[in-house]
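Structural characterization, general
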Amino acid sequence: MGSKYPKSLRISLPFWVLMLEIAFILVFFFFTSYETPSKKLELLKPYPAFQDINVMAVLGLGFLKASLRRYTWSSVAFNLFTLALGVQWAIILDGFLFSSSRKIPINIQRIILGTMSAMSALISSGATLGKVNLVQLIVMTLLEVTAFLGTKKLTLTFLDGNEHQSMMQIHVFGAYFGVAATWCLSGPGLSAAKEKEQRATASSLFTTLGTLFLWIFWPTFNSALLEYPSEKETAIYNTYYALAVSAVVAMSFSAAAHPHGKISMIHVHRATLAGGVAVGVATNLIHSPWIAMVLGLLAGMISIVGAKCLPGCFNRIIGLHDTCEVHSTFGLPGLLGGLAYILLMIEQASWTKLSTVGFQILYSAGSLSLSVAMGLAGGILTGLILSLNLWKAPPEAKYFDDQAFWEFPHLAVGF
Amino acid sequence: MGSKYPKSLRISLPFWVLMLEIAFILVFFFFTSYETPSKKLELLKPYPAFQDINVMAVLGLGFLKASLRRYTWSSVAFNLFTLALGVQWAIILDGFLFSSSRKIPINIQRIILGTMSAMSALISSGATLGKVNLVQLIVMTLLEVTAFLGTKKLTLTFLDGNEHQSMMQIHVFGAYFGVAATWCLSGPGLSAAKEKEQRATASSLFTTLGTLFLWIFWPTFNSALLEYPSEKETAIYNTYYALAVSAVVAMSFSAAAHPHGKISMIHVHRATLAGGVAVGVATNLIHSPWIAMVLGLLAGMISIVGAKCLPGCFNRIIGLHDTCEVHSTFGLPGLLGGLAYILLMIEQASWTKLSTVGFQILYSAGSLSLSVAMGLAGGILTGLILSLNLWKAPPEAKYFDDQAFWEFPHLAVGF
Amino acid sequence: MGSKYPKSLRISLPFWVLMLEIAFILVFFFFTSYETPSKKLELLKPYPAFQDINVMAVLGLGFLKASLRRYTWSSVAFNLFTLALGVQWAIILDGFLFSSSRKIPINIQRIILGTMSAMSALISSGATLGKVNLVQLIVMTLLEVTAFLGTKKLTLTFLDGNEHQSMMQIHVFGAYFGVAATWCLSGPGLSAAKEKEQRATASSLFTTLGTLFLWIFWPTFNSALLEYPSEKETAIYNTYYALAVSAVVAMSFSAAAHPHGKISMIHVHRATLAGGVAVGVATNLIHSPWIAMVLGLLAGMISIVGAKCLPGCFNRIIGLHDTCEVHSTFGLPGLLGGLAYILLMIEQASWTKLSTVGFQILYSAGSLSLSVAMGLAGGILTGLILSLNLWKAPPEAKYFDDQAFWEFPHLAVGF
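Residues numbered from 1 in each chain as written. Chains lettered and ligands numbered in written order. Predicted model: local features only at pLDDT ≥ 70, side-chain atom pairs only at ≥ 80, totals over all residues. Heavy atoms only, no water.

Points about the overall build of chain A
Our working rule: Secondary structure elements are taken from DSSP: a helix is a run of H or I of four residues or more, a strand is a run of E of two residues or more, and numbering for both begins at the N terminus. Radius of gyration here uses only the C-alpha atoms, and the compact-globule reference equals 2.2 Å multiplied by the residue count raised to the power 0.38. Burial classification: accessible surface area is computed with a 1.4 Å probe over protein chains only, and a residue below 20% of its type maximum counts as buried, one above 50% as exposed, and the rest as partly exposed. Note on contacts: a residue pair is in contact if any heavy atoms of the two residues lie within 4.5 Å. Working definition of accessibility: Shrake-Rupley area with a 1.4 Å probe, residue cover restricted to the visible protein chains. Note on charges: Lys and Arg go in the positive column, Asp and Glu in the negative column, and His and the chain ends are not counted at all. Every charge is mapped to an atom, namely NZ of Lys, CZ of Arg, CG of Asp or CD of Glu.
Helix and strand content of chain A: 16 helices and four strands. In summary, chain A has a C-alpha radius of gyration of 21 Å against a globular reference of 22 Å for 415 residues, a match within 12%. Seen along its three principal axes, the alpha-carbon backbone of chain A occupies a region of about 70 × 60 × 35 Å. Counting only residues that meet the buried cut, chain A has 66% of its 415 residues in that class. Taking the contacts inside chain A whose residues are at least 6 apart along the sequence as the reference set, 83% of them involve residues at least 24 apart. Carbon together with sulfur atoms contributes 68% to the accessible area of chain A, which is approximately 13800 Å² in total. The average position of the 26 basic charges and that of the 20 acidic charges among the side chains of chain A differ by 7 Å.

As for helix α10 (residues 229-256) of chain A
Residue and element names in this part refer to chain A. For the record, the criterion: Expected span, for any helix, means 1.5 Å times one less than how many residues it has. Here the bend at a residue means the angle between the axes of two seven-residue stretches, the one that ends at it and the one that starts at it.
Given a rise of 1.5 Å per residue, 28 residues ought to cover 40 Å, and the 41 Å separating the end C-alpha atoms of α10 matches this to within 8%. In the structure, α10 departs most strongly from a straight axis at A250, where the bend amounts to approximately 30 degrees. Across the 28 residues of α10, 24 count as buried, placing the element largely inside the fold.

Observations concerning the relation of the copies chain C and chain B
We apply this condition: Copies overlap after least-squares fitting; the atoms used are the C-alpha atoms of residues with pLDDT of at least 70 in both.
Note on the identical chains: chain C maps onto chain B by a rotation of 120 degrees and an axial translation of 0.0 Å, with an RMSD of 0.0 Å. Taken together, the rotation angle and the small translation identify this as a three-fold axis. Little of the interface of chain C is mirrored in chain B, where only 7% of its interface residues are also at the interface.

Here's the deal with a nonpolar patch on the surface
All names here are of chain A. The line we're drawing: A patch consists of residues exposed above 30% relative accessible area that lack any salt bridge, with like charges linked at up to 9 Å and nonpolar side chains (Val, Leu, Ile, Met, Phe, Trp, Tyr) linked at up to 5 Å. For salt bridges, the criterion is a side-chain nitrogen of Lys or Arg within 4 Å of an Asp or Glu carboxyl oxygen.
Taken together, the side chains of I11, F15, W16, M19, I22, L26, F29, F30, F31 and F96 define a hydrophobic patch exposed on the protein surface, amounting to about 1000 Å² of accessible area. When residues in the nonpolar patch are grouped by element, the largest group, eight residues, is from helix α1 (residues 12-31). Note that F96 resides in helix α4 (residues 72-98).

Observations regarding the packing of helix α9 (residues 201-223) of chain A against α10(A)
Residues and elements named next belong to chain A. The cut-off we apply is this: Interaxial angle, 0 to 180 degrees, is taken between N-to-C directions of lines fitted to C-alpha atoms, where a helix line uses only the stretch in contact. For a crossing to be left-handed, the near helix must be turned anticlockwise from the far one by less than a right angle; the clockwise case is right-handed. Any residue that is not Ala, Val, Leu, Ile, Met, Phe, Trp, Tyr, Cys, Pro, Asp, Glu, Lys or Arg is counted as polar, Gly included; the first ten are nonpolar and the last four charged.
Between α9 and α10, the shortest axis-to-axis distance is 8 Å and the interhelical angle comes to 145 degrees. Both α9 and α10 take part in a crossing whose hand is right-handed. Contact with α9, carried on its side by W215, W218, P219, N222 and S223, involves K232, A235, I236, T239, Y240, L243, A244 and A247 of α10 and no other residues of that element. For the contact of α9 with α10, the class distribution of residues is nine nonpolar, three polar and one charged.

Some points on the relation of the copies chain C and chain A
At an RMSD of 0.0 Å, chain C and chain A line up after a rotation of 120 degrees and a shift of 0.0 Å along the axis. Interface overlap between copies: only 7% of the residues of chain C at the interface are likewise at the interface in chain A, consistent with a contact formed by different surfaces.

Quick notes on the environment of F206(B)
Considering the arrangement of structural elements, one finds F206(B) in helix α9 (residues 201-223). Separated by 144 residues in the primary sequence, F206(B) and G62(B) place their C-alpha atoms 9.6 Å from one another.

With respect to the interface of chain C and chain B
Here is the rule: Buried area counts how much accessible surface, traced with a 1.4 Å probe, disappears from two parts once they are put together, with both parts' losses summed. Polar contact is defined as a pair of N or O atoms within 3.5 Å, subject to the rule that within protein one atom must be able to donate a hydrogen and the other to accept it, and that residues adjacent in sequence are counted only when both atoms are side-chain atoms. Here, strands pair whenever DSSP counts at least two bridges between them.
At the interface, 61 residues of chain C touch 60 residues of chain B. Here chain C meets chain B over a buried area of about 5500 Å², counting both sides, of which 76% is carbon and sulfur. The interface formed by chain C and chain B holds 12 residue pairs in polar contact (both at pLDDT 80 or more) in total. Mapped onto the side of chain C that touches chain B, the elements with two or more residues apiece are α1 (12-31), β1 (32-34), α2 (40-44), α3 (47-64), α4 (72-98), α5 (108-124), α9 (201-223) and β4 (406-407) of chain C. The sheet contact formed by strand β3 (residues 263-264) of chain B and β4(C) spans two bridges and is parallel. Residue pairing across strands places S264(B) opposite E407(C), the latter belonging to β4(C).

Remarks on the interface of chain C and chain A
Between chain C and chain A, the residue contacts involve 60 residues of the former and 62 residues of the latter. With both chains or domains summed, chain C and chain A bury close to 5500 Å², and 76% of this area falls on carbon and sulfur atoms. Our enumeration of links across chain C and chain A arrives at zero salt bridges. Connecting chain C to chain A are 12 residue pairs in polar contact (both at pLDDT 80 or more).

Section: the nonpolar core
Basically, it comes down to this: Residue types Ala, Val, Leu, Ile, Met, Phe, Trp, Tyr and Cys, when buried and joined through side-chain atoms within 4.5 Å, form a set referred to as a nonpolar core.
W215(A), W406(A), W215(B), W406(B), W215(C) and W406(C) are the most contacted members of the largest nonpolar core, which totals 384 residues. Among residues more than four places away in sequence, those in contact with W215(A) are Y240(A), L243(A), A244(A), A247(A), T272(A), L273(A), N54(B), V58(B), L80(B), L83(B) and A84(B).

Notes on the pattern of salt bridges
All names here are of chain A. For the coordinates displayed, the defined rule picks out 15 salt bridges over all chains. In this structure, the salt-bridge partner of D401 is R70, at a minimum N-O distance of 3.6 Å. With D401 in the loop between α16 (354-386) and β4 (406-407) and R70 in the loop between α3 (47-64) and α4, this pair connects stretches of sequence that are 331 residues apart. On the basis of relative accessibility, which here comes to 30%, the residue R70 falls in the partly exposed class. Overlapping salt bridges, with partners in common, bring together D94, R110, K152 and E163 in one network.

Some details on the packing of aromatic side chains
Any two aromatic rings considered together are summarised by their centre-to-centre distance and by the angle between their planes. What counts here: Note on aromatic pairs: the rings of Phe, Tyr and Trp (six-membered ring only in Trp) are paired at centre separations within 6.5 Å, and the planes decide the class, stacked below 30 degrees, edge-to-face beyond 60, tilted for the rest.
Counted by the stated rule, this structure contains 68 aromatic pairs over all chains. Between the aromatic rings of Y237(B) and Y34(C), the centroid separation amounts to 5.3 Å while the plane-to-plane angle is 40 degrees, which identifies the pairing as tilted. Here Y237(B), found in helix α10 (residues 229-256), pairs with Y34(C), found in strand β1, and the two come from separate chains. Y237(B) sits in the buried class, given a relative accessible area of 1%. Pairwise contacts between aromatic rings join F28(A), Y47(A), F50(A), W215(C), Y240(C) and Y241(C) into one cluster.

Some thoughts on unusual backbone geometry
The residue K392(A) is not glycine, and still its phi comes out positive at about 55 degrees. Within the element layout of this structure, K392(A) appears in the loop between α16 and β4. Overall, K392(A) belongs to the partly exposed group, its relative accessible area being 32%. With a phi close to 55 degrees, F400(C) is a non-glycine residue in the positive phi region. With respect to the helices, strands and loops of the structure, F400(C) is situated in the loop between α16 (354-386) and β4. By relative accessible area, F400(C) is classed as buried at 0%.

Comments concerning the side chain of H267(A)
Residue and element names in this part refer to chain A. Mapped onto the elements, H267 comes out in helix α11 (residues 265-271). Here S254 takes part through its side chain, which lies 3.1 Å from a polar atom of the side chain of H267. Other than its neighbours up to four places away in sequence, H267 contacts S254, A257, I304, A307 and K308.

Quick look at helix α5 (residues 108-124) of chain A
For α5(A), spanning 17 residues, the distance from its first C-alpha to its last is 25 Å, which sits close to the expected 24 Å at 1.5 Å a residue. Where burial is concerned, most of α5(A) is hidden: 16 out of the 17 residues are buried.

Some points on the state of the cysteines
Short version of the rule: Our working definition of a disulfide is a cysteine sulfur pair at a distance within 2.5 Å.
Overall, the coordinates contain zero disulfides over all chains when judged by the stated rule. No disulfide involves C324(A); its nearest neighbouring cysteine sulfur is the one of C184(A), lying 19 Å away.

Considerations on the environment of I123(B)
Residue and element names in this part refer to chain B. For I123, the location among the structural elements is in helix α5 (residues 108-124). Put simply, I123 and G261 are 138 residues apart on the chain and 30 Å apart in space, counted from C-alpha to C-alpha. Apart from residues no more than four positions distant in its own chain, I123 is found in contact with I170, H171, G174, A175, V326 and F330.

Side note on the environment of L149(C)
Residues and elements named next belong to chain C. Within the secondary structure, L149 is located in helix α6 (residues 134-158). Between the C-alpha atom of L149 and that of I302, which follows or precedes it by 153 residues, the distance is 28 Å. With residues near it in sequence (within four places) discarded, L149 still touches A90, L93, D94, L97, F98 and S117.

Overview of the confidence of the model for chain A
Operational definition: By definition, pLDDT measures how confident the predictor is in each residue, and it falls between 0 and 100.
Considering every residue of chain A, the mean pLDDT works out to 89; 92% of them sit at 70 or more. Under the prediction, the complex receives an ipTM of 0.94, its pTM being 0.95.

Now the structure itself:
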């Protein structure tokens, strides 16, 4: 039968976290060391970029998910929890997979890579938001970071990819992983919790705050892994122009989607960032601002169309509940970016060597498909594991409810 | 007659934005290119400053205007819209007016200049806040950026000004442009919307958040356009000291303005930043912290006197409604800064060449007056254009109301 | 007797602030000058670190204290006031105590030092939060900055300390100063104001925002005063790892402290940052991530145990009211950090020179004890001065209430 109240995590949560942290500490003890500072000044150079990306992960993605009226605390706090746990696991795994030395050397670049890999779990948790507890979130984070780094290993090994390009698949990977995982979790009783999915004025303003943090620092995200300053530069310019156009498009085209021309705040939260997502993979192939602007325009439109049509249509038919609509925020613009990458590569290829061009196109199409496929497969697997009975999952009536997890003040004053 | 409900922007808003974006993309296609990275490392050097200024424009000015209880969404979101649109137009216009090469080279310095020029529209929109719709905001942004860059062109050409000094007139220009524009828009029926102008606890806290972002990053704003590191340095120190003193003054002198010694949060939002405004133009003439501190002290006091007296007296007499009181936040401290600049130039001039000194004083007085005059003239012109019947302006009963523009949740929970 | 209403500060507050600012301006006029820019580029190098620390002080510590439902305005605004005043006094005093030249040279490093010293008052004011007015806050800030810099002078002169190590004692110093000051202020009538100490959903979210700002920028705080890039580097890594572990621990171990396994948001706000505090002093002795992680784990646990047990037990017995529980947020993890420093020094000492080791241990134990002792003594002295009748302190019924200090909108809408 199952009680109406979520089961207590009093023992299991601290126990598993303690075990995990002891394991991490042992691995760090045996297998890592701080990089010997040979070129001292150089090592600290990426520190500002690291902080920008940290602001995006902690404040940006945390508050982006804070729009549910009764789930603001969990959105922001569990986001930090996921990041802090995920980054430890990502640094270990990344070291084992991609480092050649016996001891993994820890440096800022590696922490940046870890943070970015852990962000895949932050994106996916937007889809499962409000439907899983902290223990499930731990399992999901560990599995997703593993799947993401596995995908990256495959891309780098078999598909001739580079660090930047394989990392930029994070948006499609994260989105489809989350969508697949939440699809396995979605039961028929979700309508009972419908009322709690309401957005409130203040919680939406917090979501706007998160969106704006992401909007401001996105150029750093898209340029952090590029090697040459000139590449970094064009990545920054392209991302900025794409974001500027998609912010304008988000606000104005949302009005077209409403019978009385009213703008939807939900659309704005989705589409403002679409330009940054779309321009990610292709950013070092774009050598003129107008291409970035066109991509920003298209991405903003696609994202709004997705936010308007997916929940009512597609999601209802296949029985999917994507709480923060990561599909239209990250998934669709990411697909557009992948297509743009292939098109730009065709356009810029030297047609004297037809075979090379063919291979390059195959490789980049393969890299995009691999991310989608691995995201979907990993997501379904994770979703199935999470729907097992052993995680003390919250009952559906307690979905989207801070009170299931948090000690609340007696006189709980809402927003 | 006119219906009580604001007219739908469903067709006009997306249509005009699409036209505008297509025009921008075509201009960027034909007339711009990314700067060829010759001195690679140097080009990325101003990136941190760019981000600081972006935080000020997006988060600072956005949340600074978020104090109206029922207009928080529009304040923050329309601010981003204005910036994203204005910066595209500003970069184009700035390129045509000030670049000598056939193709405008895009680099970070140019995006910084564009952002700062677009901030003039962000300042002015504080005065018209809640009284215009998005289509009117587009018109206002385009006209204001044009007027501001025109003023800059005149200053640089005829008044021997430099980049930094002409940009620092943005505060007086923006303030008087906004005041003039809102004066043309103010009708007799504003009292009907009075209740909606109430500040709420939480929305005031968001405004404080915006104020604090501006307070923290203002030193970057005042130093970004200076050429030599030593100038940048003194600009940072001066701005910091002026801001520290005006923050202290804001909190304490506001108590003196209330019969029971209570502090007004509105005064704090106005006067905390006055030091940063006042020290802007003159910053490279100030070679000792005490001058900056005196300026901060005076600016804070003037700003509080303005915030206390203007709305009840001056504004009522001439029938002006300045929603965010940009007059006392940016206008009066900006005038003080202009006067300080002239005084400091007289004090530091070499009196052997009397004629040069005379010219310099004339030039700087001219530059200040030109900004005020162009601001007022441009504002009145813009205000008259905005009050035409063709923009589907919201009716006065719907002023200061998010519901006029936004799709609201059924169960709209207020702050 | 005493009226129920707090006495007006209309005359006294502006008067004392004006006197103080005039005094400061005169001191700056006679005794300071901007540093002559010899190595121009170098001087601007610490500017990003300065801004990070400023974000921590203004936004981090400001919003960290914003959890009281009816005291959010004062928490954030008085925090800025304290900082802006404290930093002016700290720069003057620091210059007189530690500068050898006749005129104190102002540079960014000195402003960073001033900000960090002023942060001691920001930490302590978390303990007295809601119980003092602005005039009392001025007195407390001036006295505390003096006591803190005095402690630093003693440490540097007699205990062989360095800049970094003596500054990192700020957590224990600030915590025990605040605890001692609030102990002298705590009266029997505090229970009357109990209802106002309730946390609300939105104000807790603002507190989370502050916590996250601190979490993100803490690595800069712990590395800013270290001299060599390689030291800065390890400080950044260690702080990051300690914070990552304590964030994970905070969320999970809080569940263990509740009979139904619910997480307490108050515990999360306390324990998330414990790792950063604990790793502060010892950061350049830690050469492997696992030590930082163990410290983060222990600090998080201790902080939660403190947050769970201190208020109900220890505080009640000795009649202490520590509003923001700075004792468990900064005090206990700071003590742990001090102990870790001593242990690490013993472990890494070269045992050939036993006498040197002995001295070093004595010195570092002395430095920790000195900070605690000076904090307690200074706090008690300050508390006694603040409880004098001449400061027009708010009556206990008006504790934790914005309305005692702020002009409120007629229709004050709560959170």
